[in-house]
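Close look at the chain arrangement
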Amino acid sequence: MLSNNEEPAILAEHVTKVYKLFDTPGKRLAYHLFHCQTGSDFTALDDVSFTVNKGEAFAIIGRNGSGKSTMLQILAGILKATSGEVRVNGKVAALLELGSGFDPECTGYENIYLNAAILGVSQNQTEQKMEQILQFADIGDFAKQPVKMYSSGMYVRLAFSVAIHVDAEILLIDEALAVGDVFFRQKCYQRLEKLKKEGKTIILVSHGMNEVEQFCDRALLLDHSKAILLGDSKEAVKRYYLLEQHKEDISIDAFVNKERDGTVIQQMDGIKFQNGWSRKEPVFFDLSKAKEISNGKASVLRIGAFDAYGYAKNSFEQGEMCYLYYEIEVRADICLPLTGIVLTNQKGIIVHGKDNLQMDTELPDDVKAGTRLFCLQTVKLDLQVGEYTIEAGCATIQRDLYEQRMYKQQEEVNAGMERLVSLIDAGRIAVLEKKTGAPMKNMFHGICGLEGTIFIKEELK
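A few words on the overall build of the protein. Scanning the protein from N- to C-terminus turns up ten helices and 22 strands. The buried share of the protein, reckoned over its 461 residues, is 44%. Of the contacts made within the protein by residues no fewer than 6 positions apart, 73% connect residues no fewer than 24 positions apart. Looking at the protein as shown, the accessible area adds up to about 25,100 Å², and 50% of this sits on carbon and sulfur atoms.

Here's what the structure looks like:
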């Protein structure tokens, strides 16, 4: 048995949380009143174990519905696990939901006292820290107004400020920092870094993978209620992005392609492109939620993100080359095929879009129905740190217009194209900050890095 000094801040052993789901309110009532065998079980957490050391910054990450928030509520004591054990060694401050614990009819001042009291802080101690709390929250005269008048940003600023000023040993934060603006988030992480240096334990649930990678020491990755990985935060982030892709369970190494004369040739799925690149893994994005817009003449079969060696990869360093491999099935006779991808940032802004029109690509003529197109498109990710969604598509154009495109107006080229298919939200990739850089880690400001030079000439007057 460990001594008190050696005990971890949090110990979770074989934690399982099961909810009962009912089709109707009547069945729910019958279950609770008469213990009828009705309803179905939903497992939010399934046999999850981990420890968090004192003074550690620890992240719980995963896709929506993986069980992150449920675990944090169990750690906070709001929910009780169905089975398993959780030990929390230290005073806890939790920021789980926007404005949780706030009375909308009370003023900011009154809610500070209320929240502090819930966290075990006396009125006298709260009064001593009132000025610091308000200064950090930066809500001005709204401190005297009912919080029902607050914006979401004001809510979270005040709630976060109270949580970090109550001298708790363990701080639990669930997505709350996603609400504030970038300046407030920067201030929050600066304060969290300070608390971390003071030996406080911080548990963070977030979809901001860049923050997780840079701020947290270790991470627990959950998927479909199960623990997938417990370890270094950078490794957990990489695995998180790979969850967006899936490895095909059945053999896809062979397919049949009909030639124009009707003969059938068996080909292997080991295409080697002109630059020598070939795919090493059958790992692709899950297209079940992607939206395909098609006129029926083509379809995007699969798409995945890979590195220079052909291995699946979803998180890249800024400036790294991303290899996007995708396959398109042509279902009607067409002229020249035009294929391309679009990258869209978190604000819905298209930051990159190119197809064969903007590149010198050798294109086949008169592509017949039943042909499969194997496409490899590389993108140098001189982009702002963040996440980007991918759209892939195919169109067709006549050979003469294609060869004269450098002399034509864009409107004329567009009018001569037939768009066959677009697959929207086909997948996503992440651009992360470089670990080291030359001349520095952050190579530019803004959405993208544009090539250019700076010259300085000195002249002494």
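Counting residues in each nonpolar core, the largest one holds 53 residues, and the members touching the most others are Ile61, Leu158, Phe160, Leu171, Leu192 and Phe215. In terms of residue count, the dominant contributor to this core is helix 5 (residues 152-164) (nine residues). Contact partners of Leu171, with chain neighbours within four places excluded, come to Ala93, Ala163, Ile164, Leu192, Leu195, Thr201, Ile202 and Ile203. Formed by 32 residues, the second largest nonpolar core is a distinct cluster that contains Ala298, Ile341, Val421 and Ala426.

Throughout the structure, instances matching the rule amount to 19 salt bridges. Its salt-bridge partner being Lys129, residue Asp167 comes within 2.5 Å of it at the nearest N-O pair. Of the two residues, Asp167 is situated in the loop between helix 5 and strand 6 (170-174) and Lys129 in helix 4 (residues 123-137); the sequence distance between them amounts to 38 residues. The exposure class assigned to Asp167 is exposed, which follows from its relative accessible area of 51%. Close ionic contact of Arg399 with Glu403 constitutes a salt bridge, the shortest N to O distance being 3.7 Å.

With that settled, the discussion passes to the sheet that holds strand 3 (residues 57-62). In spatial order, the strands read 5-6-7-3-8-9; together these six strands make up an open sheet with mixed pairing. Strand pairing shows two members of the sheet lacking a second neighbour, strand 5 (92-95) and strand 9 (226-232), which therefore form its edges. Going across the sheet, the axis of each strand differs from the next one's by a mean of 15°, ignoring polarity. Bridge analysis of strand 3 against strand 8 (residues 218-223) gives five bridges, and the strand direction is parallel. Looking at strand 8, one finds that Gly62 is bridged to Leu222.

This part is about helix 3 (residues 108-118). Those residues of helix 3 that sit buried are Gly108, Asn111, Ile112, Asn115 and Ala116. All buried residues of helix 3 lie within an arc of 130° about the axis, which places them on one face of the element. Just downstream of helix 3, Gly120 is the residue with a positive phi angle, here 85°.

On to unusual backbone geometry, then. The phi angle of most residues is negative, glycine excepted, and most peptide bonds adopt the trans form. Even without being a glycine, Asp47 presents a positive backbone phi close to 55°. Looking at the secondary structure, you find Asp47 in strand 2 (residues 40-52).

A few words on the sheet that holds strand 17 (residues 321-330). Through backbone hydrogen bonds, the strands of a sheet pair up, either in parallel or in antiparallel fashion. If you walk across this open sheet you meet the three strands as 15-17-20, and the pairing is antiparallel. With one partner strand each, in any of the chains shown, strand 15 (298-306) and strand 20 (372-380) form the two edges of the open sheet. Recorded for the sheet is a direction-independent mean angle of 20° between the axes of neighbouring strands. The sheet contact formed by strand 15 and strand 17 spans eight bridges and is antiparallel. Note that in strand 17 the partner of Ser299 across the bridge is Glu329.

A separate point is the packing of aromatic side chains. Considering all chains together, one arrives at 13 aromatic pairs under this definition. Arranged with centres 6.2 Å apart and planes meeting at 35°, the rings of Trp277 and Tyr325 form a pair that is tilted. Placement of Trp277 in the loop between strand 12 (264-268) and strand 13 (283-285) and of Tyr325 in strand 17 is noted, with a sequence separation of 48 residues between them. Like Tyr325, Trp277 is buried. An aromatic cluster of at least three residues, connected via ring pairs, comprises Phe273, Trp277, Phe284, Phe306, Tyr323 and Tyr325. Here the basic side chain of Lys17 rests over the ring of Tyr19, its NZ or CZ set 5.1 Å away from the ring centre.

A few words now on the packing of helix 3 against helix 4. Contact pair helix 3 / helix 4: the axes reach a minimum separation of 10 Å and the direction vectors enclose 125°. When the axes of helix 3 and helix 4 are compared, the pair comes out oblique. Handedness of the helix 3/helix 4 crossing: right-handed. Here Tyr109, Ile112, Tyr113 and Ala116 of helix 3 lie close against helix 4, whose contacting residues are Gln123, Thr126, Glu127, Met130, Ile133 and Leu134. A breakdown of the residues in the contact of helix 3 with helix 4 according to their chemical character gives seven nonpolar, two polar and one charged.

It is worth spelling out helix 8 (residues 233-242) at this point. In an α-helix, one turn spans 3.6 residues; hence positions three or four apart end up facing the same way. Along helix 8, the residues classified as buried are Ser233, Ala236, Val237, Tyr240 and Tyr241. Burial along helix 8 is one-sided: seen end-on, the buried residues are contained in an arc of 135°.

Cut-offs and rules
Residues numbered from 1 in each chain as written. Predicted model: local features only at pLDDT ≥ 70, side-chain atom pairs only at ≥ 80, totals over all residues. Heavy atoms only, no water. Helix = DSSP H or I, 4+ residues; strand = E, 2+ residues; numbered from the N terminus. Buried < 20%, exposed > 50% of the residue type's maximum accessible area, 1.4 Å probe, protein only. Contact = heavy atoms within 4.5 Å. Areas by Shrake-Rupley, 256 points an atom, 1.4 Å probe, with all protein chains shown as cover. Core = buried A, V, L, I, M, F, W, Y, C linked by side-chain atoms within 4.5 Å. Salt bridge = Lys/Arg side-chain N within 4 Å of Asp/Glu carboxyl O. Pairing = 2+ DSSP bridges. Axes fitted to C-alpha atoms, helices over the stretch in contact; angles between N-to-C directions. Arc of directions from axis to C-beta. Phe/Tyr/Trp six-rings, centres within 6.5 Å; stacked < 30°, edge-to-face > 60°. Lys NZ or Arg CZ within 6 Å of the ring centre and 35° of its normal. Parallel < 35°, antiparallel > 145°, perpendicular 65-115°, else oblique. Left-handed = near helix turned anticlockwise from the far one by under 90°. Nonpolar A, V, L, I, M, F, W, Y, C, P; charged D, E, K, R; others polar.

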